Amino acid sequence: MKLTLAPSPLTLKLLRTLFFTLLFTLTSTLTLFSQSRGRTRDYGFTIGVMKPGAYNAITDVKGVLVGHTTLNHDNVRTGVTAILPYDGNIFQQKVPAGVFVGNGFGKLSGTTQVMELGTLETPIVLTNTLNVSTAMDALIGYTLAQPGNEKVQSVNAVVGETNDGYLNDIRGRHVTKDDVLKAIGSASGGPVAEGNVGAGTGTICFEWKGGIGTSSRVLSAKSGGYTVGVLVQTNFGGVLQIDGLPVGEALRMHDLTNESSDGSCMIIVATDAPLDSRNLQRLAKRAFMGLARSGGIASNGSGDYVIAFSTAASVRIPHNYASPTIQMPVLMNDEMTPLFAAAIEATEEAIINSLFKAETMTGKDGHIIKALPIDEVIRLRDKQAPRK
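Residues numbered from 1 in each chain as written. Predicted model: local features only at pLDDT ≥ 70, side-chain atom pairs only at ≥ 80, totals over all residues. Heavy atoms only, no water.

(A) Molecular detail of the packing of aromatic side chains. Counted by the stated rule, this structure contains 4 aromatic pairs. A centroid spacing of 5.6 Å and a plane angle of 45° characterise the contact between tyrosine 43 and phenylalanine 356, whose relative ring orientation is tilted. Residue tyrosine 43 is located in the loop between α1 (9–34) and β1 (65–73), and its partner phenylalanine 356 is located in helix α8 (residues 337–357); the two are separated by 313 residues in the primary sequence. Using a relative accessible area of 25% as the deciding quantity, one classes tyrosine 43 as partly exposed. Look at phenylalanine 356 and you get buried, because its relative accessible area is 0%. An aromatic cluster is built from Tyr43, Phe45 and Phe356, whose rings are joined through pairwise contacts. Directly above the ring of tyrosine 86 sits arginine 316, whose terminal nitrogen or CZ lies 3.8 Å from the centroid. Above the ring of phenylalanine 45, the side-chain terminus of arginine 381 is found at 4.5 Å from the ring centroid. (Phe/Tyr/Trp six-rings, centres within 6.5 Å; stacked < 30°, edge-to-face > 60°. Helix = DSSP H or I, 4+ residues; strand = E, 2+ residues; numbered from the N terminus. Buried < 20%, exposed > 50% of the residue type's maximum accessible area, 1.4 Å probe, protein only. Lys NZ or Arg CZ within 6 Å of the ring centre and 35° of its normal.)

Okay, structure coming up:
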């Protein structure tokens, strides 16, 4: 006679409980690992005193569009980021712009014409150092092909760069014209992808993984209600500070030799305030103060540039005109201070966002750059005495 021992109801209940506990734990773990890293404010950091826009991004400035093409395969860790002041023919309706050079060890095409004429006539494209000429070629073709530009014979293509050669096979010059056109064609408003994307795919910042970052500030109604948005491509060094917290010093990441501190930073500032090129250049200068507040030092080998432009339709400059003079409303000098503060705060937070969103990357020749250890940053912050 064969005996079969059936489990008791209590045993079955315990087994079911154990099964669902294990399932819940596994599901929660997988969900945790699938979640991307958050932005600065997701972890309770509040940089500055001004309020960000709805997306806390450069796209909070009405009309601004951003697109990325990311190249991440084999030994390739690079890409393209395109910033459009508005969706339209920028050549025919140019936007006022200003440039500030914090340190000129870099390649920013079109700079002299922007400084001379005070206008921007193409999208701004960011990529790696050795693909600037490719991006220029693509931008020129893009502009010539736009309806209304059939007789155009000169295009000032504005392209900025940082050197991602530690993680990327930069000598391979893998960015193509199609990659640039894809970034322009995919540009949109709303949330902006940050971290290891587009032109920030292979960059390094403060010895951790850098990338693309963005932020914005909205002025009070008393100050005009204008918006200032910033996008950065971070690839520079120094001693990192996060909202005044001495992170680089505390985590002993403060090698100030050329090898660790060199790189570059591209900073793009957009505003809907009606500014002329002179005050946009002044605004660009203040954005550089945001880089300094993050701990950047503009080392010898770091090309650090700021381009600022206004999207206000009232200050656009027509390529074809009937009258030899133009009248436009521009903001007075005395009204600039809140915009200056906004540019500083948004630049600082954009830089920190690029670090928070970037993830550890293995690149060319097995080189590894680790992501900023957010948990350690939070522990460091929580140890500090509360602010008065």
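Having seen the model, we can carry on.
(B) Molecular detail of the confidence of the model for the protein. Looking at the protein, the pLDDT average stands at 92 and 90% of residues meet or exceed 70. The low-confidence segment residues 19–35 (pLDDT under 50) makes 0 contacts with residues lying over four places distant or belonging to another chain. (pLDDT = per-residue confidence, 0-100. Contact = heavy atoms within 4.5 Å.)

(C) Here's a closer look at the state of the cysteines. Tallying each qualifying case throughout the model produces 0 disulfides. Considering cysteine sulfurs only, cysteine 265 is the nearest to cysteine 205, which forms no disulfide, with 6.9 Å between them. A relative accessible area of 0% means that cysteine 205 is categorised as buried. Judged by relative accessible area, which is 0%, cysteine 265 ranks as buried. (Disulfide = S-S within 2.5 Å.)

(D) Geometry of the pairing of strand β5 (residues 124–128). Summarising burial for β5: 5 of the 5 residues are buried, a large majority. Across 3 bridges, the pairing between strand β2 (residues 76–84) and β5 is antiparallel. Pairing of alanine 82 across the sheet is with valine 125, part of β5. Handedness of the crossover joining β5 and strand β6 (residues 158–162) through helix α3 (residues 132–144): right-handed. (Pairing = 2+ DSSP bridges. Right-handed = clockwise from strand over helix to strand, strands pointing away.)

(E) Examining the side chain of serine 354 more closely. Among the secondary structure elements, serine 354 is positioned in helix α8. The class of serine 354 is buried, set by a relative accessible area of 0%. Once residues lying within four places of it in the same chain are set aside, the contact partners of serine 354 are Gly195, Lys209, Gly210, Gly211, Ile212, Gly213 and Thr234.

(F) Representation of the sheet that holds β6 in the model. Pairing is mixed in the open sheet, where 4 strands are placed in the order β1-β2-β5-β6. One side of each edge strand has no neighbouring strand; the edge strands of this open sheet are β1 and β6. Each strand axis lies, on average, 15° off the axis of its neighbour in the sheet, ignoring direction. Running over the sheet, α3 touches β2, β5 and β6 and is turned about 155° from β6. (Axes fitted to C-alpha atoms, helices over the stretch in contact; angles between N-to-C directions.)

(G) Local environment of the pairing of β2. Summarising burial for β2: 9 of the 9 residues are buried, a large majority. Neither face of β2 is exposed, since Val76, Thr78, Val80, Ala82 and Leu84 on one face and Arg77, Gly79, Thr81 and Ile83 on the opposite face are all buried. Strand direction decides the pairing type here: β1 and β2, joined by 9 bridges, are antiparallel. Among the inter-strand pairings, valine 66 is bridged to a residue of β2, identified as isoleucine 83. Counting the residues that bridge the hairpin from β1 to β2 gives 2 residues, and of these aspartate 74 lies at a positive phi of roughly 50°.

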